[in-house]
Amino acid sequence: MALDVEEVRIEQIEFGPLIISYDERVLRPRRWTTAQSAWASGLLQDAPEGPALELCSGVGHIGLLAVVGEVRRMVMVDASEAACEHAAVNVERAGMSGQIDIRCGPMDEVIAADERFSLIIADPPWVPSEDTSQFPKDPLPAIDGGPDGLDLARTCLELIGAHLHERGSAILQIGTAEQLTTIADHLFDEPALRLRVAESRTFEGQGVLVQLVRSGG
């Protein structure tokens, strides 16, 4: 997947030991999200065998940092062609092309029904639609999460419920403590998902990370 450098200005950022490329068409990687990668990496040490999955992977920085130095395979999914192009470049630069499977398309259409993942990372847009004007430099599709900011997060929960290994974990990124309460209530109201909040970590002024596991697990 080649980037058309004549039409866009390619920028780079250090993300842990990685050099990550991006441009104005995609969300600029936030340095605080190295914490999501680190948490996921730690969980992988005790995770059952099998691949990992990243939903709404963007340019691939969070998932790449989570599995760098590991042999575990990862599937990255994003609907943005521009994000997938950058992800391919970033994967190749990291020397991980044989380890990462990039799937570009709607996340509820590109995962087979029988696929299971030992770890799932989910980075959906979480800004409420009425607040997106506060972030004029960010591309709207990358930040607009609908009325309460959780439209795509709910889709992520559906996919986590369908594809998470019985002894696996998921790390979901959202924006606020209020959204965390909404997520917990949603899981209570949707027992068929068989998920519960195991732990959350708040990064003031940045976001909230939520660990999900199987109900009763």
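The structure we're discussing is the one just above.
These numbers come from a predicted model, not from an experiment.

### Thoughts on the overall build of the protein chain
Item 1. Looking only at helices and strands, the protein chain has 6 helices and 9 strands in total.
Item 2. Rg of the C-alpha trace for the protein chain: 16 Å, near the compact-globule value of 17 Å for 217 residues, within the 12% margin.
Item 3. When the backbone C-alpha atoms are referred to their principal axes, the protein chain occupies close to 50 × 40 × 30 Å.
Item 4. In the protein chain, which comprises 217 residues, the share counted as buried stands at 50%.
Item 5. In the protein chain, the share of contacts with a sequence separation of at least 24, taken over all contacts with a separation of at least 6, comes to 66%.
Item 6. Here the protein chain has roughly 10300 Å² of accessible surface; of this, 49% comes from carbon and sulfur atoms.
Item 7. One finds the centroid of the 17 positive side-chain charges in the protein chain at a distance of 6 Å from the centroid of its 35 negative side-chain charges.

### Remarks on a negative patch on the surface
Item 1. Residues E158, D185, D189 and E190 make up a contiguous surface patch of negative charge.
Item 2. On the accessibility criterion, D189 (53% relative accessible area) is exposed.

### As for the sheet that holds strand 5 (residues 100-104)
Item 1. If you trace the 7 strands from one edge of the open sheet to the other, you get 5-4-3-6-7-9-8, paired in mixed fashion. Each having just a single partner strand, strand 5 and strand 8 (195-203) make up the two edges of the open sheet. Going from strand to strand, the sheet's axes swing by 15 degrees on average, the running direction of each strand aside.
Item 2. Strands in contact with helix 5 (residues 151-163) are strand 3 (52-55), strand 6 (117-122), strand 7 (164-174), strand 8 and strand 9 (207-214); relative to strand 7, the strand with the most contacts, it is inclined by about 165 degrees.

### Structural notes on unusual backbone geometry
Item 1. The phi angle at C56 is positive, at roughly 55 degrees, despite the residue not being glycine.
Item 2. Phi at R194 is positive, roughly 55 degrees, even though this residue is not glycine.
Item 3. If you trace the backbone, R194 turns up in the loop between helix 6 (177-189) and strand 8.
Item 4. With relative accessibility at 36%, the residue R194 sits in the partly exposed group.

### Some points on the nonpolar core
Item 1. Membership of the largest hydrophobic core comes to 28 residues, with the highest contact counts inside it found for L55 and I160.
Item 2. Taken together, the elements giving at least two residues each to this core come down to strand 3, strand 4 (74-78), strand 6, helix 5, strand 7, helix 6 and strand 9.
Item 3. Broken down by element, the residue count for this core peaks at 5 residues, all from helix 5.
Item 4. What I160 contacts, discounting residues up to four positions off in sequence, is L55, I120, A122, A170, L195, L212 and R214.
Item 5. With 25 residues, the next largest nonpolar core counts I62, V67, A83 and I100 among its residues.

### Regarding the side chain of Q36
Item 1. Structurally, Q36 is set in helix 1 (residues 34-44).
Item 2. When near neighbours in sequence (up to four residues on either side) are disregarded, Q36 contacts I62, I121, A122, D123, I171, L172, Q173 and L209.

### Some remarks on the pairing of strand 5
Item 1. Pairing of strand 4 with strand 5, which is carried by 5 bridges, proceeds in the parallel orientation. Of the residues in strand 5, the one forming a bridge with M74 is I100.
Item 2. For the crossover that starts at strand 4, traverses helix 3 (residues 81-93) and ends in the parallel strand 5, the hand is right-handed.

The rules behind the values
- Here the residue index of a chain counts from 1 through its sequence in written order.
- Local features in a predicted model are, by the rule used here, given only for residues with pLDDT of at least 70; side-chain atom pairs are given and counted only at 80 or more, and totals for whole chains, interfaces and linings are based on all residues.
- Side-chain measures were taken over the full set of non-hydrogen atoms in the model, leaving aside hydrogen atoms and water.
- Helix and strand labels come from DSSP, where a helix needs a run of H or I of at least four residues and a strand needs a run of E of at least two; each type is numbered from the N terminus.
- Here the globule rule reads 2.2 Å times residues to the power 0.38, and the radius of gyration is calculated from C-alpha atoms.
- To sort residues, take the accessible area from a 1.4 Å probe on protein chains only and compare it with the maximum for the residue type: under 20% means buried, over 50% means exposed, and anything in between is partly exposed.
- Contacts: residue pairs with any heavy atoms within 4.5 Å of one another.
- We get accessible surface area from the Shrake-Rupley algorithm with a probe of 1.4 Å; when it comes to residues, only the shown protein chains can shield them.
- Lys and Arg are tallied as positive, Asp and Glu as negative. Neither His nor the chain termini are counted.
- For charged residues, the charge sits on one atom: NZ in Lys, CZ in Arg, CG in Asp, CD in Glu.
- Patch building starts from residues that exceed 30% relative accessible area and form no salt bridge, then joins like charges within 9 Å and nonpolar side chains (Val, Leu, Ile, Met, Phe, Trp, Tyr) within 5 Å.
- Salt bridge, as applied in this entry: a Lys or Arg side-chain nitrogen positioned within 4 Å of an Asp or Glu carboxyl oxygen.
- Two strands form a pair only when DSSP identifies at least two bridges running between them.
- Fitted lines through C-alpha atoms serve as axes, helices being fitted only where they are in contact, and the angles separating the N-to-C directions of these axes extend from 0 to 180 degrees.
- Grouping buried Ala, Val, Leu, Ile, Met, Phe, Trp, Tyr and Cys residues that are joined through side-chain atoms within 4.5 Å yields what is termed a nonpolar core.
- Convention used here: a crossover is right-handed provided that the path from the first strand, over the helix, to the second strand proceeds clockwise when the strands point away from the viewer.

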